[in-house]
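Survey of secondary and tertiary structure
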Amino acid sequence: MTAEHKTPGSLMAAESAECMTVFARAASQRADNMSLGSPSAIYTIARGSSDAAANILSYEFMRELEIPATSLPPSVFSLGAGVKLDGTAAVVISQSGSSDDLVRSSKGAALAGAKVVAITNQPGSAVEGVAGTTLTISAGPELAVPATKSVVGAIGAGMALLGAVKPSYVAKTQQTLDAIANITTQHPDAAQLQSALLRARHVYVIGRDTGYGAAHEVALKLKECCALHAEAYSSSEVLHGPLQLATNPLMVLMLDTGQDEVQDSLDQAEARFRATDCDVHRIRLADVGCGTIAPAAAAAVMLALMYPIILNTALALGHDPDAPATLSKVTQTT
């Protein structure tokens, strides 16, 4: 145990508390020197929590730019011969910027004709060395194995990227930053949510649009920190085959980003799960006094609200969320 890590969970507690400060710093950076032009599509390349941030950003990119944006598996380049990417942009998100498959993907995407943008928290990383442009996550050192502030910072950096491609989006980002400047990240029902998680054996985390990417990250953190079985679903997709699992004891955690267009979908899913006597909990931006903000930022706020709850749940279960038994900070994959 390092000198900085004296108490279980102390690192994650300190780092997650910085989430909104890191988000604001990353979202405020200027990327005026970027030369993406008008890409025909945007492909994100990432793994784990970074891929959840990429999922959130893909919805924001599509809404604002009206072009396709989707995830491209790193194995297309790390194991395969790659795909043609002429006229597109590839956004590689990696906290460390050192995973071999992401380095290979960055090189492969550039050779395939994409303009490569790196979003990373490590200056001078191998991924940054390949990319034509880099935006910084600006999180500073992150020592806990579960990434928190760097995930939220990646979302902010993606919003800065969007502002460089679509200058009118800069004003929307600034309005959002003004709206969340003094927001609390302590949910008023944190104790109730923690109690529900301590009772749970299976959890569905549900969102829609950018809330879907946030659901992926929350489900991942519940597995990573609490060793709790959790799966993420869209509020639309969950009403197909996955609804059948509601016949067993099931906790349902719904992340409501406040967008008008997703309310009917979330309402319908909530009603269906309540009708089967599931333990349903829905958290909203309004719970912490936040009005309508950019959907990507709303997803970031959802994560900042959930990280302390997940941390305390892990501690109550006897886990050290700073250093999960089977995991390491940097995962080398192919």
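So, here's what we can say about the structure.

About the thresholds
Residues numbered from 1 in each chain as written. Predicted model: local features only at pLDDT ≥ 70, side-chain atom pairs only at ≥ 80, totals over all residues. Heavy atoms only, no water. Helix = DSSP H or I, 4+ residues; strand = E, 2+ residues; numbered from the N terminus. Phe/Tyr/Trp six-rings, centres within 6.5 Å; stacked < 30°, edge-to-face > 60°. Core = buried A, V, L, I, M, F, W, Y, C linked by side-chain atoms within 4.5 Å. Buried < 20%, exposed > 50% of the residue type's maximum accessible area, 1.4 Å probe, protein only. Contact = heavy atoms within 4.5 Å. Pairing = 2+ DSSP bridges. Right-handed = clockwise from strand over helix to strand, strands pointing away. Axes fitted to C-alpha atoms, helices over the stretch in contact; angles between N-to-C directions. Parallel < 35°, antiparallel > 145°, perpendicular 65-115°, else oblique. Left-handed = near helix turned anticlockwise from the far one by under 90°. Nonpolar A, V, L, I, M, F, W, Y, C, P; charged D, E, K, R; others polar.

Notably, Ser138 is not glycine yet its phi reads approximately 60°, a positive angle. Of note in the backbone geometry, Asp209 takes a positive phi value of approximately 60° without being a glycine. Secondary-structure assignment places Asp209 in the loop between β6 (202–207) and α10 (210–226).

On to the packing of aromatic side chains. The final tally for this structure, using the stated rule, is two aromatic pairs. Ring geometry for Tyr204 and Tyr233: centres 4.9 Å apart, planes at 70°, overall edge-to-face. One end of the pair, Tyr204, is in strand β6; the other, Tyr233, is in strand β7 (residues 229–234), with 29 residues separating them in the sequence. With centroids separated by 6.1 Å and ring planes inclined at 80°, the aromatic side chains of Tyr204 and Phe273 adopt a geometry described as edge-to-face. With Tyr204 in strand β6 and Phe273 in helix α11 (residues 263–275), the pair connects residues that are 69 residues apart, well separated along the chain. Ring pairing ties together the aromatic residues Tyr204, Tyr233 and Phe273, which thus form one cluster.

Counting 84 residues, the largest nonpolar core has Phe23, Leu222 and Leu255 as its most contacted members. No other element matches the 16 residues that helix α12 (residues 295–316) contributes to this core. Each residue touching Leu255, except ones within four places of it in the same chain, is listed here: Val205, Ile206, Gly207, Gly211, Ala214, Ala215, Val218, Leu266, Ile283, Met302 and Met306. Val76, Ala90, Ala118 and Ala131 belong to the second largest nonpolar core, which has 16 residues in total.

The next point concerns the pairing of strand β4 (residues 115–120). Within β4, five of the six residues are buried, which leaves the element mostly enclosed by the surrounding structure. Note that strand β3 (residues 89–94) and β4 share six bridges and pair parallel. Residue Ala90 lies in a different strand from β4, and its bridge partner there is Val116. Regarding the hand of the β-α-β motif, the stretch spanning β3, helix α5 (residues 100–111) and β4 is right-handed. Summarising the sheet, β4 and strand β5 (residues 133–136) pair through four bridges and their orientation is parallel. The partner of Ala118 across the bridge, within β5, is Thr134.

This part covers the packing of α10 against α12. Two numbers describe how α10 lies on α12: the axes approach to 9 Å, and their chain directions differ by 15°. Between α10 and α12, the crossing angle belongs to the class labelled roughly parallel. With respect to the hand of their crossing, α10 and α12 are arranged in right-handed fashion. Judged by residue contacts, Thr210, Ala214, Glu217, Val218, Lys221, Leu222, Cys225 and Cys226 of α10 engage Pro295, Ala296, Ala299, Leu303, Met306, Tyr307, Ile310, Thr313 and Ala314 from α12. Grouping the constituent residues of the contact of α10 with α12 by class yields 13 nonpolar, two polar and two charged.

Here we have four strands laid out as an open sheet, ordered β7-β6-β8-β9, and parallel in their pairing. The open sheet has two edge strands, β7 and β9 (279–284), and neither has a second partner. Looking at each pair of strands side by side, their axes are set apart by 20° on average, direction ignored. Strand direction decides the pairing type here: strand β8 (residues 251–256) and β9, joined by six bridges, are parallel.

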